[in-house]
Amino acid sequence: MDSAAGRWRGLVEGRLEEMERLQEGRGALGGQFWDKRARRFGTGPVASAEGDPMLARLRKAVGRGGTATFLDVGSGPGRFTVGVAPRVREAIAVDPSTKMLALLRTRARGAGIANIRTVKGLWQDVDVAPGSADVVLCSHVITLIADVVPFIDKLQETARRQVFLYVGAYAVDAIFDPFWRHFHGAPRRPGASWVDALGVLREMGIEPDVRVVELRAGNRHDSLADAVESYRDQLVLPKRPEVRRELTRLLDPWFQRRNGGLYAPLRTQPSAIISWRVA
Ligand SMILES: C[S@@+](CC[C@H](N)C(=O)[O-])C[C@H]1O[C@@H](n2cnc3c(N)ncnc32)[C@H](O)[C@@H]1O
């Protein structure tokens, strides 16, 4: 029988190969890929983690003394780094994207926060000493990592107290499936899920605490044009006027409109908070 780590690798690689086949360079997912998407993550409803149950868990984990250290791996523009930093001695944000880290620094400056250190690079490559943070977070990153066991091992080695992973826990592909088939003529290759992550952790001898939380904010778009651009990117479609026109035609009646925004017709977007204490 295949190992969970082997299954994971097959899922991630299959998905990246499919993306590369559809759009040259798309399977690489390096810093430049994320640079182009920094604005989307750095603005709008996903830009702040206030009200997100993960932020409450992290604040509890670092405690009230202000002496703990926090590491955010794949920080993006830093919604969790900035949310936790005022409660710790030092927060370290690791990300391969120059633009994501620039947004994070601007935001920290705006909030008068001066205890964040940014480290540019892929987690696999950066030099961060073992045991450098009490609490380590990796939010919405691991499903992109084919060689996930050493990636998680390094998270563990760097943590003195606790590791947190955040992984989407709803079938986003099922929601996109009619659109994906419409444009690509076949279902998408399945990606690695939070359940696969639990299998990998178990194989590594880790028995985590798992809580699935319901999130409301993430799927808002301010305009139909913004939504079309974001869905075009997520559906790996070319930047062509006829593609945008067709997506506009399909998405316009599909979105729900409230409070001046457009929302995918989902009640919530569940996510899994997966955490464990390190010895
Ligand atoms: C989906 S965003 C999530 C951002 C943030 N953690 C959050 O939850 O808002 C993924 C981020 O992970 C970063 N990333 C991708 N691969 C990475 C890797 N191998 N090591 C570290 N960061 C990575 C990207 O640059 C991007 O900023």
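Residues numbered from 1 in each chain as written. Predicted model: local features only at pLDDT ≥ 70, side-chain atom pairs only at ≥ 80, totals over all residues. Heavy atoms only, no water.

Chemist: Just to check I follow, could you spell out the environment of Glu 214 for this structure?
Modeler: Structurally, the position occupied by Glu 214 is in strand β6 (residues 209–215). Taking the C-alpha atoms as reference, Glu 214 lies 29 Å from Glu 13; in sequence the two are 201 residues apart. Beyond its immediate stretch of four places on either side in the chain, Glu 214 contacts Arg 267, Thr 268, Gln 269 and Pro 270. Within the local environment of Glu 214, its side chain forms a polar contact with the side chain of Thr 268, the two groups lying 2.4 Å apart. (Helix = DSSP H or I, 4+ residues; strand = E, 2+ residues; numbered from the N terminus. Contact = heavy atoms within 4.5 Å. Polar contact = N/O pair within 3.5 Å; in protein donor to acceptor, adjacent residues only side chain to side chain.)

Chemist: I tried to follow the sheet that holds strand β7 (residues 220–221) on my own but got confused; where do I start?
Modeler: Strand pairing in a sheet is mediated by backbone hydrogen bonds. Such pairs are either parallel or antiparallel. Taken in spatial order, the three strands make up an open sheet running β7-β9-β8, and their pairing is antiparallel. Both outer strands of the open sheet, β7 and β8 (256–258), are each paired with one neighbouring strand and no more. Across two bridges, β7 lies against strand β9 (residues 261–263) in antiparallel orientation. Within β9, the residue paired with Arg 220 across the bridge is Tyr 263. (Pairing = 2+ DSSP bridges.)

Chemist: Would you mind going over the pairing of strand β1 (residues 69–73) with me for this structure?
Modeler: Looking along a regular strand, one sees the side chains alternate between the two faces of the sheet. Summarising burial for β1: five of the five residues are buried, a large majority. When β1 meets strand β2 (residues 90–95), the two strands line up parallel, connected through five bridges. The residue of β2 that forms the bridge with Thr 69 is Glu 90. A crossover connection joins β1 to the parallel β2 through helix α5 (residues 79–84); in handedness this β-α-β unit is right-handed. Two strands pair when backbone bridges link them, and β1 and strand β4 (residues 133–139) are joined in this way by four bridges, in the parallel orientation. By the bridge assignment for β4, Val 73 is matched with Cys 138. (Buried < 20%, exposed > 50% of the residue type's maximum accessible area, 1.4 Å probe, protein only. Right-handed = clockwise from strand over helix to strand, strands pointing away.)

Chemist: When you look at the pattern of salt bridges in this model, what are you seeing that I'm missing?
Modeler: Oppositely charged side chains are able to pair whenever their charged atoms sit close together. On inspection of all chains with the given rule, the structure shows 22 salt bridges. For Arg 181, the salt bridge identified is with Asp 177, shortest N-O distance 2.7 Å. Residue Arg 181 and its partner Asp 177 are located together in helix α8 (residues 172–184), separated by four residues, close to a single helical turn. Across the salt bridge formed by Glu 242 and Arg 240, the nearest N and O atoms sit 2.9 Å from each other. (Salt bridge = Lys/Arg side-chain N within 4 Å of Asp/Glu carboxyl O.)

Chemist: Can you help me understand the side chain of Arg 57 in this one?
Modeler: Tracing the backbone through its elements, the reader meets Arg 57 in helix α4 (residues 53–62). Those residues within four positions of Arg 57 in sequence are excluded, and the remaining contacts are Phe 164, Asp 209, Arg 211, Ile 273 and Ser 275.

Chemist: So what exactly am I meant to see when it comes to the site of the ligand here?
Modeler: Taken together, 19 residues surround the ligand, and among them Gly 74, Arg 79, Asp 95, Trp 123 and Ser 139 come closest. For the ligand, a nitrogen atom lies 2.7 Å from a polar atom in the backbone of Gly 74. Protein contact buries 95% of the 600 Å² of open area that the ligand shows by itself. (Near = heavy atom within 4 Å. Areas by Shrake-Rupley, 256 points an atom, 1.4 Å probe, with all protein chains shown as cover.)

Chemist: Just to check I follow, could you spell out unusual backbone geometry for this structure?
Modeler: Leaving glycine aside, a negative phi is the common case for residues, and trans is the common case for peptide bonds. Of note, the phi angle at Val 236 is positive, near 55°, even though the residue is not glycine. Here Val 236 lies in the loop between α10 (224–234) and α11 (241–254). For Asn 259, which is not a glycine, the phi torsion comes out positive at approximately 45°. Structurally, Asn 259 can be placed in the loop between β8 and β9.

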